[in-house]
Amino acid sequence: MARRLAVLVLVLLILCLPPWWTLFASGADWPFPVFLTGTLVCAAWLVFFPFLMVAGHGPRRADRAARIADTSLGIVWVLFTWSVLGGLVDLLLAGLDVGGTGRARAVAVTVTAVAAVLLGWGHYEAMRVPAVKRLDVRIPRLGAGLDGTRVVVLADTHFGPIDRSRWSARVAAAVNALDADVVVHAGDIADGTARQRRDQSAPLGTIRSQLAKVYVTGNHEYSSEAQGWLDRMGRLGWEPLHNRHVVVERGGDALVLAGVDDVTAESSGLAGHRADLPGALAGADPDLPVLLVAHQPKYVHRAAAAGVDLQVSGHTHGGQIWPFNFLVRLDQPVVHGLSRHGERTQLYTSRGTGFWGPPFRVFAPSEITLLTLRSGDRAPSEA
C-alpha cells in the first residue's frame, strides 16, 4: 500500500509540476495574487484528486465525484503536455537569446490558449455522435454469397457518470441508417452496473441487423458486474458471445462469428469467465472463415495462431487524448486501423464510439465503423 501511494504521489507531481512551472513560476513575473492563486489551485488538485477518484470510481460510484475527477484529469493532462512543449520552446528561445524578459509570459499565455482551444474542441469531439468510418476488408476464404456483408462495429461506449442517454439513442439511429448485416459491440460497454446504466444502454435494444448482433465483454465490465451486462445485452436482443460462436449464412455461404471474454476476465475471479478461443471455436467447421470479436488488440497473437481470418477489437480509444497514443502502443500491437498479423489474420482496431473518463478526445476522433467484407485477395480500401 505504501509503495502504491508513493507511486500515485509521484505520478500526480509529474503531471502537476510542469503546468505550474510553465504557467506561473518560470519567470513569467505575474502579480503575486496570480502566482498564489495558480499555486493554490495546483496544490488543491494534488490533495483532492485521489479522494475524488476513489469516491467516483470505487465501490460507492458517486457520479458527481467521478465527473469532477475525470474532467480535471483531462484538463491537467492537456496542460501537462503543452506545458512540457512550451517549456522546451522557452529553453530553445532562451538559447537563441530571443524574446527577452517577456518570453516566459508569452509562452505561458500561448500554452494556456492552446490548451483552452484543444479542451473545447476535444469536448465537442467526445460528446458528438461519431462519424462513420467505412472500410473494405478482403477475406480470401469468404464465400461469394457473403461478398458485400456489412459489419458495423461499436466499441468502448463507456456509458458512465455523464448521462448520455440521448447520445446513445442518436448512435443507435446512425447504426440503423447503415442497414447492417451484422452489428458488433466489442466491449467496454459501460462504467457501472447494468442497473446503474440502464437508461443509457436502453437504445442498444433498438439497433437492427439482418443476420446478427453480437457482444463481448471488455475489461471495464469486470469491475462492473460482467455477468449482469451479458444478461442485459441478451435481454436487449444481442447475442452475447461468452466464449462461443454463431454461424451466419447468406447465398449458400457461411461465416463463423466468434467471441471471447476479455483477457482480464480470468483474474477477475468471476466463475466461468476467461478468454477461451478453443472453447469459442469448438464445433465450428474449420473450413469456414472466422470473424473473432476480442476486446483487446493484443489477443491477435492467439487469433493468428488459431487461423482466424479477421479479429475486431477496441480498447485503445486511438489514444483518446494525444499523446497518450504512444503510451497505448507500449501495451498493444496496434492503436487503430487495419493491420495484418501472420499469413491469414487481419485485425481491425476501432478508436471507439464513446470515451473513458475525461470527456475529451484530442487528435483521436471516435468512430462508428462500417466494415464491408469482400471475398478475394485485392488490397483493402478505407475512407
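These lines cover the structure that appears in this document, whether it is placed above or below.

What counts as what
Along each chain, residue indices are assigned from 1 in the same order as the chain's sequence is written. Selection of residues for local features in this predicted model requires a pLDDT of at least 70, selection of side-chain atom pairs for listing and counting requires 80 or more, and totals for whole chains, interfaces and linings are taken over all residues. Excluded from the side-chain calculations are hydrogens and water; all other atoms, namely the structure's heavy atoms, are used. What counts as a helix is a DSSP run of H or I of at least four residues, what counts as a strand is a run of E of at least two, and both are numbered from the N terminus. Computation of the radius of gyration draws on C-alpha atoms alone. For the globule rule, the value is 2.2 Å times the number of residues to the power 0.38. Think of it in three bands: residues with accessible area under 20% of the maximum for their type are buried, residues over 50% are exposed, and the middle band is partly exposed, with areas taken using a 1.4 Å probe on protein chains only. It only takes one pair of heavy atoms within 4.5 Å for two residues to be counted as in contact. Each accessible area is a Shrake-Rupley result for a 1.4 Å probe, and residues are judged covered by the shown protein chains and nothing else. Under the convention used here, Asp and Glu are negative, Lys and Arg are positive, and both His and the chain ends fall outside the count. Charge coordinates come from a single atom per side chain, which is NZ of Lys, CZ of Arg, CG of Asp or CD of Glu. Nonpolar cores are built from buried Ala, Val, Leu, Ile, Met, Phe, Trp, Tyr and Cys residues. Side-chain atoms within 4.5 Å join them into one set. The pairing criterion for strands is at least two bridges between them, as found by DSSP. In this description, a line fitted to the C-alpha atoms serves as the axis of each element, helices being fitted only across the stretch in contact, and the angle between N-to-C directions of two axes falls anywhere from 0 to 180 degrees. Here a pair means two rings of Phe, Tyr or Trp (six-membered ring of Trp) with centres within 6.5 Å. Their orientation is stacked below 30 degrees between planes, edge-to-face above 60, and tilted elsewhere. Note on criteria: charge over ring means Lys NZ or Arg CZ within 6 Å of the ring centre, with the direction from the centre no more than 35 degrees off the ring normal. A crossover counts as right-handed when, viewed with the strands pointing away from the observer, the path leading from the first strand over the helix to the second turns clockwise.

**A word on the overall build of the protein chain**
Next, step 1: Assigned secondary structure in the protein chain consists of 10 helices and 12 strands.
Next, step 2: In summary, the protein chain has a C-alpha radius of gyration of 23 Å against a globular reference of 21 Å for 383 residues, a match within 12%.
Next, step 3: Along the longest, intermediate and shortest principal axes, the C-alpha atoms of the protein chain span 75 × 45 × 40 Å.
Next, step 4: Counting every position in the protein chain, which comprises 383 residues, the buried fraction comes to 53%.
Next, step 5: Counting contacts in the protein chain only where the partners sit at least 6 residues apart, residues at least 24 apart contribute 75% of the total.
Next, step 6: When the accessible area of the protein chain is evaluated, it comes to approximately 17300 Å², of which 62% is carbon and sulfur surface.
Next, step 7: Between the averaged position of the 36 positive side-chain charges in the protein chain and that of its 33 negative side-chain charges there is a distance of 5 Å.

**Details of the nonpolar core**
Next, step 1: Among the nonpolar cores identified, the biggest contains 26 residues, and Leu 257, Leu 291, Leu 371 and Leu 373 are the most heavily contacted of them.
Next, step 2: Setting aside residues no more than four positions away along its own chain, Leu 257 makes contact with Val 182, Ala 212, Val 214, Leu 241, Arg 244, His 245, Val 246, Val 248 and Leu 291.

**Things to note about the sheet that holds strand 12 (residues 367-374)**
Next, step 1: Strand order in the open sheet made by the 6 strands is 1-12-2-3-4-5, with mixed pairing throughout. The two strands at the open ends of the sheet, each matched to only one other strand, are strand 1 (131-138) and strand 5 (239-240).
Next, step 2: Both strand 2 (residues 149-154) and strand 3 (residues 182-185) contribute to a ladder of 4 bridges, which runs parallel. Looking at strand 3, one finds that Leu 154 is bridged to His 185.

**Observations concerning the sheet that holds strand 10 (residues 337-341)**
Next, step 1: With mixed pairing, the 6 strands of this open sheet are ordered in space as 6-7-8-9-11-10. A single partner strand is all that each edge strand has here, and the edge strands are strand 6 (244-250) and strand 10. Ignoring which end each strand starts from, the neighbouring axes of this sheet average 20° apart.
Next, step 2: With 4 bridges connecting them, strand 9 (residues 310-313) and strand 11 (residues 345-349) associate as parallel partners. Looking at strand 11, one finds that Leu 310 is bridged to Gln 346.

**Side note on the packing of aromatic side chains**
Next, step 1: Across all of its chains, the model carries 10 aromatic pairs by this definition.
Next, step 2: Ring geometry for Trp 20 versus Trp 21: centroids 6.3 Å apart, planes at 55°, classification tilted.
Next, step 3: Between Trp 322 and Phe 363, the aromatic rings sit 6.3 Å apart at their centres with planes inclined by 80°, giving edge-to-face as the arrangement. Pair noted here: Trp 322 is in the loop between strand 9 and helix 10 (324-328) and Phe 363 is in the loop between strand 11 and strand 12, with a separation of 41 residues, a long-range link.
Next, step 4: Every member of this aromatic cluster is reached through a ring pair, and the members are Trp 20, Trp 21, Phe 32 and Phe 35.
Next, step 5: One Lys or Arg, Arg 164, reaches over the ring of Trp 167 and ends 4.8 Å from the middle of that ring.
Next, step 6: Of note, Arg 164 hangs over the ring of Phe 355, and the distance from its end group to the ring centre comes to 4.5 Å.

**Some points on the environment of Leu 135**
Next, step 1: Within the element layout of this structure, Leu 135 appears in strand 1.
Next, step 2: Relative accessible area serves as the criterion here: at 2%, Leu 135 is assigned to the buried category.
Next, step 3: C-alpha of Leu 135 to C-alpha of Gly 337: the two residues are 202 residues apart in sequence and 9.5 Å apart in space.

**Regarding the pairing of strand 3**
Within a regular strand, the side chains alternate between the two sheet faces.
Next, step 1: Where burial is concerned, the two faces of strand 3 agree: the one with Val 182 and Val 184 and the one with Val 183 and His 185 are both buried.
Next, step 2: Assessed by its sense of winding, the connection that carries the chain from strand 2 through helix 5 (residues 165-176) to strand 3 is right-handed.
Next, step 3: The pairing of strand 3 with strand 4 (residues 212-215) spans 4 bridges and is classified as parallel. Among the inter-strand pairings, Val 184 is bridged to a residue of strand 4, identified as Val 214.

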